[in-house]
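Now for the letters of each chain:
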Amino acid sequence: MGVNYTEADYENSVIELFRDKLGYEYIYGPDIERDFYSPIYDSILEESLYSLNRNLPSDAIQDAMYKLKNFENGELVQKNSVFMDYLQNGIPVRYFVDGEEHSSIVYLVDYKNPDNNSFIIANQWTFIENSNKRPDIILFLNGIPVVLVELKSPSREETDASDAYRQLRNYMREIPSMFIYNAICVMSDQLTSKAGTITSGEDRFMEWKTKDGNYENTQYAQFDTFFEGMFQKERLLDIIKNFICFSNEGVNRFKILAGYHQYFAVRKAIVSTKNATVTDGKGGVFWHTQGSGKSLSMVFYAHLLQEALESPTIVVLTDRNDLDNQLYGQFAKCKDFLRQEPIQAESRNHLKTLLDGRQANGIIFTTMQKFEESFDCLSDRRNIVVMADEAHRGQYGLAEKIKITKNEKGEDVAKRVVGTARIIRNSLPNATYIGFTGTPISSADRSTREVFGDYIDIYDMTQAVEDGATRPVYYESRVIKLNLDEKTLSKIDEEYDIMAANADPEVIEKSKKELGRMEAVLGNDQTINSLVSDILDHYENNRQNLLTGKAMIVAYSRPIAMKIYKKILELRPNWTEKVAVVMTSGNNDPEEWREIIGNKHHKDELAKKFKDNNSPLKIAIVVDMWLTGFDVPSLATMYVYKPMSGHNLMQAIARVNRVFRDKEGGLVVDYVGIASALKQAMNDYTTRDKKNYGDTDVAKVAYPKFLEKLSVCKDLFYGYDYSKFMTGTDLERAKTISGAVNFIIDREKTDEKDTFLKEALMLHQSLSLCSSMVDETMRFEAAFFESVRVLTMRLTNTGVDKKISLPEMNARINELLKQSIKSDGVINLFSDVKEEFSLFDSKFLQEVANMKEKNLAVEVLKKLISEQVSVYRRTNVVKSEKFSEIMKRSLNAYLNGMLTNEEVIEEMLNLAKQIAAANKEGKELGLTADELAFYDALTKPRAIKDFYENEELIAITKELTETLRKNKTIDWQQRKSARAKMRMHIKKLLKKHKYPPEGMEDAVQTVMTQCELWTDNVMEV
């Protein structure tokens, strides 16, 4: 038994969990007689369909089977979308009884009675399409392969869950038909287990961190928590039926799987709503932090509500037209899943008509303003659920007050002022109300609780960041850069107080006057010049080359937005496609504004461009639009030139918290002193949110971390002079880096190397947030350590599929220096080599041998030879034994100090030459790599050549290869009957050629082993 805990061991433990704990039936793929060209477990499927649809005749079942196996031509995602509709809702069929045509639904799953379904876990299930593949684990639901699990060994350093993701993508190319029937994809290396769909990027695969909805201790998820949490039979059926949907984004269609936080929160919300319909109508408040998928949670909730409450009418309420459009857009994209088309109310009368004309169903979108148009009752039905988006006190007051104001004649009049929530309650007196919010309700806010009740579920910033659902947001103050005087700052502070106060009419009047003053201060030409110059300096030097370079400037007012736009183009006249203004237009706007602001179509086009990572539009100047509900995942920078407070501020800065590739976090650059407002806004967040994000000033968080990590890296390179990196030529810089890699990968420095790789990564991440505060010298040092880190990672990664390519090596160091926060810069190690590194290039091998940096030379050779030996290990049993033994012996002697660097390089160069000679030998004999492997096996006993002419050995080789190709049988190496048949073919062929000679019977076993190895790799998954 091996000492390592292998991938097979992990596979067995997962199977054991499903079989013994979750009650799945286990089958071993090679034991099942079946059609290897069908991804479905046909016999189980047919048996299940007849069992689940007993009231339907055989013709109906056969029609369903036909539809399930024959999809119209189209992309994989389109076919999978049709299949998911079948899986969730059944297959419409037509059939004849006594000559009369009937129609019905054939159901693939019994969702109400889990025990009526077949749950099977299978491993080593081979399927043939573009090639033969054998996924690690497949979960069959009634014979349909709805879940595919790809595992990686927990104990192999060079593989992880990311390799499993790449394998899944490879399967989608090689065996796409398997994925027509896929509901969920899983990748796991035991430490990390994540689930996604066929359209999920790796960053959108998510962990499942609880078995029962209890969110305690969810920083890390155990693999058993993941599998038990998602794949309990009842839970899996619920997820498939109610928590997977397609979002149609124009030409693209994305398949969405709910995260664990969405699943459990929506389930709680359904229970709370059902209870509210028979009690006080208060469904509760659903607080999930911005960016964590609240809009989609609302879609899942609306879908599930239809069954839970027997088709209620749903009214979705927002406080602004642009939010209404955005949320309506998300629901419209998911209309197939919702099984009805959402409708936008155009006016109060239209809303009344929509409600009057139905007794059930319907998803109607409206703004609060439409309720304020009059106080009459729109509908007194009970089966109406109002979903209010962004529920806050300013929007949902219940109070009714009498205000004394003056009319046009100057006379005192008493006017009734009614809170919006009261108007809505009067309009829909028997409805149930549920509030959805991305920011918490103020502790002083009683009215929101009076309308909606208490929290149903809280998913705070801390949890969202831990789960990878969002990224943290950091803050940088640049107020001082504008040289704003104390009076300006005090005026800004005064305005915060005004905005934070309850808005009585007198205060509003006063506020208008204050705003006028602010416009004069912040819109001053000299101030705008300073602002734009500083933004351009900060953007071009620190943010332009980060991710996709998307940034947002939040302007104080529409006129100031236009001033900023014009100043940017004055300073950067060629940026006409790079920067745009996005704001509402007014009837009194100057004519020159109209062309810049454009109409609704123009704004929609700008939105598409800003969301497109490859478009030239990089900077959006906004005032109010796009500050809520507008998601651009790659957006990482927001320049704030507008006082904001409370939930408005929190919603705005959350534009930069979306997940995108290796984005470390979002950066908010403050030009108006919003720090105190940020702290104030955090008061209503959870205790751990306040602790973790109450002060995210990069000057206090990222910059000290940067200094600490820089100091650690410098200590690790004590004794190595890298000053030439700062002062030397490109060539000297390159040599300085290669020398540094050589220094840190010394065999005596194993611990230091591992520490350096971790610390340098944290140095790089912290610099991406605080680079504007770091002086040039330290930036150069950070660039040096980053390039050393990247090169060390690539050289010492022993994974055979991660080859070091010349373009990676030859990326000019100057590119790295231009933008030290990117990590794709390395160096020109071998300046004269213009092609791929090759073991068969004697000039290249000599250049390696002559390198001054001997540690580096050892690593380069080790990597290249490891890759070549791994090729032989997969194809040539004879040569792999020989080469791997030599390499293992040399490296062990090197690591144990028995060989010097020079001696091990010499040994490895000799090995490289032997591999090159072996490669040449095959070409000289006229044999392919496959045929050479059989030739080597046949001639392993040296004496064999005394008994046969070489031409005869070559003839046996070619015939043997052809026989195996013609007779390869699926899973032959695992099924005794197939294996025996293959062995018989081989022995028959060898006997015909009177091989082996008498007394050399052992030679047959070598040939047989080579045949098994060859067949394994022809079938390799």
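Structure's up top.
Residues numbered from 1 in each chain as written. Predicted model: local features only at pLDDT ≥ 70, side-chain atom pairs only at ≥ 80, totals over all residues. Heavy atoms only, no water.

## Section: helix H9 (residues 260-277)
Thinking step 1. The terminal C-alpha atoms of H9 lie 26 Å apart, and with 18 residues this matches the ideal 26 Å at 1.5 Å per residue to within 8%.
Thinking step 2. The complete set of buried residues in H9 reads Tyr260, His261, Gln262, Tyr263, Phe264, Ala265, Val266, Ala269, Ile270, Thr273, Ala276 and Thr277. (Helix = DSSP H or I, 4+ residues; strand = E, 2+ residues; numbered from the N terminus. Expected span 1.5 Å × (residues − 1). Buried < 20%, exposed > 50% of the residue type's maximum accessible area, 1.4 Å probe, protein only.)

## Some points on the pairing of strand E20 (residues 432-437)
Thinking step 1. For E20, the tally of buried residues reaches six of six residues, placing the bulk of the element in the interior.
Thinking step 2. Burial of the side chains of E20 extends over both faces: Thr432, Ile434 and Phe436 are buried on one face and Tyr433, Gly435 and Thr437 on the other.
Thinking step 3. Sheet topology places strand E13 (residues 282-288) next to E20; five bridges connect them, and they run parallel. Paired with Val285 across the strands is Gly435, a residue of E20.
Thinking step 4. Pairing between strand E17 (residues 384-389) and E20: five bridges, direction parallel. Bridge pairing in E20 places Ala388 opposite Gly435. (Pairing = 2+ DSSP bridges.)

## Comments concerning the packing of H9 against helix H10 (residues 294-308)
Thinking step 1. Between H9 and H10, whose axes approach to 10 Å, the crossing angle comes to 45 degrees. Here H9 is positioned oblique relative to H10, judged by the angle of their axes. Like other packed secondary-structure pairs, H9 and H10 cross with a definite hand, here right-handed. Facing H9, whose interface residues are Gln262, Val266, Arg267, Ala269, Ile270, Thr273 and Lys274, H10 presents Leu296, Ser297, Phe300, Tyr301, Leu304, Leu305 and Ala308.
Thinking step 2. In the contact of H9 with H10, the residues fall into nine nonpolar, three polar and two charged. (Axes fitted to C-alpha atoms, helices over the stretch in contact; angles between N-to-C directions. Parallel < 35°, antiparallel > 145°, perpendicular 65-115°, else oblique. Left-handed = near helix turned anticlockwise from the far one by under 90°. Contact = heavy atoms within 4.5 Å. Nonpolar A, V, L, I, M, F, W, Y, C, P; charged D, E, K, R; others polar.)

## Description of the nonpolar core
Thinking step 1. Core analysis: the largest hydrophobic core is formed by 121 residues, its most contacted members being Ile184, Phe227, Phe231 and Met387.
Thinking step 2. Counting residues per element, this core draws most heavily on H10, at eight residues.
Thinking step 3. Other than its neighbours up to four places away in sequence, Met387 contacts Met298, Tyr301, Ala302, Ile314, Val315, Val316, Leu317, Phe331, Ile434 and Phe436.
Thinking step 4. Formed by 101 residues, the second largest nonpolar core is a distinct cluster that contains Ile621, Leu649, Val672 and Ala681. (Core = buried A, V, L, I, M, F, W, Y, C linked by side-chain atoms within 4.5 Å.)

## Looking at the pattern of salt bridges
Thinking step 1. Counted according to the given criterion, the structure contains 31 salt bridges.
Thinking step 2. One salt bridge connects Arg478 with Glu476, and the closest N-O pair in it is separated by 3.4 Å. Here Arg478 and Glu476 have matching classes, each one buried.
Thinking step 3. In this structure, the salt-bridge partner of Asp631 is Arg658, at a minimum N-O distance of 2.5 Å. One end of the pair, Asp631, is in the loop between strand E25 (619-622) and strand E26 (637-641); the other, Arg658, is in the loop between helix H23 (646-653) and strand E27 (666-670), with 27 residues separating them in the sequence. (Salt bridge = Lys/Arg side-chain N within 4 Å of Asp/Glu carboxyl O.)

## Here we look at the sheet that holds strand E15 (residues 343-344)
Thinking step 1. Taken together, seven strands build an open sheet; the order of strands is E15-E16-E14-E17-E20-E13-E21 and the sheet is parallel. The open sheet has two edge strands, E15 and strand E21 (455-459), and neither has a second partner.
Thinking step 2. Taken together, the four bridges between E13 and E21 define a ladder with parallel strand orientation. Its bridge partner lying in E21, His288 is registered against Tyr459.
Thinking step 3. The strands touched by H9 are E13, E17, E20 and E21; relative to E13, the strand with the most contacts, the crossing angle is about 165 degrees.
Thinking step 4. Across the sheet, helix H13 (residues 348-356) lies against strand E14 (313-318), E15, strand E16 (363-367) and E17, angled at about 160 degrees from E16, the strand it touches most.

## Observations regarding the environment of Gly250
Thinking step 1. Residue position: Gly250 is located in the loop between strand E11 (244-249) and strand E12 (252-257).
Thinking step 2. The spacing of Gly250 and Lys333 is 83 residues in sequence and 8.8 Å in space, taken between C-alpha atoms.

## So, the environment of Ser711
Thinking step 1. If you trace the backbone, Ser711 turns up in helix H26 (residues 702-716).
Thinking step 2. Residue Ser711 is classed as partly exposed on the basis of its relative accessible area of 35%.
Thinking step 3. Along the sequence, Ser711 and Glu759 sit 48 residues apart, while their C-alpha atoms lie 9.9 Å from each other.

## Remarks on the packing of aromatic side chains
Thinking step 1. For the structure shown, the criterion picks out 43 aromatic pairs.
Thinking step 2. Ring centres 4.9 Å apart and planes at 35 degrees place the aromatic pair Phe286 and Phe436 in the tilted group. Here the residue Phe286 occupies a position in strand E13, and Phe436 occupies one in strand E20, the gap between them amounting to 150 residues. The pair formed by Phe286 and Phe436 is uniform in burial state, with each residue classed as buried.
Thinking step 3. Ring centres 6.2 Å apart and planes at 75 degrees place the aromatic pair Tyr539 and Trp575 in the edge-to-face group. Of this pair, Tyr539 sits in helix H19 (residues 525-543) while Trp575 sits in the loop between helix H20 (558-571) and strand E24 (579-582), and the two are 36 residues apart along the sequence.
Thinking step 4. Through a chain of ring-to-ring contacts, three or more aromatic side chains come together here, namely Phe717, Tyr720, Tyr722, Phe725, Phe743, Phe756, Phe780, Phe784 and Phe785.
Thinking step 5. Against the face of Tyr111 rests Lys241, its NZ or CZ located 5.8 Å from the ring centre. (Phe/Tyr/Trp six-rings, centres within 6.5 Å; stacked < 30°, edge-to-face > 60°. Lys NZ or Arg CZ within 6 Å of the ring centre and 35° of its normal.)

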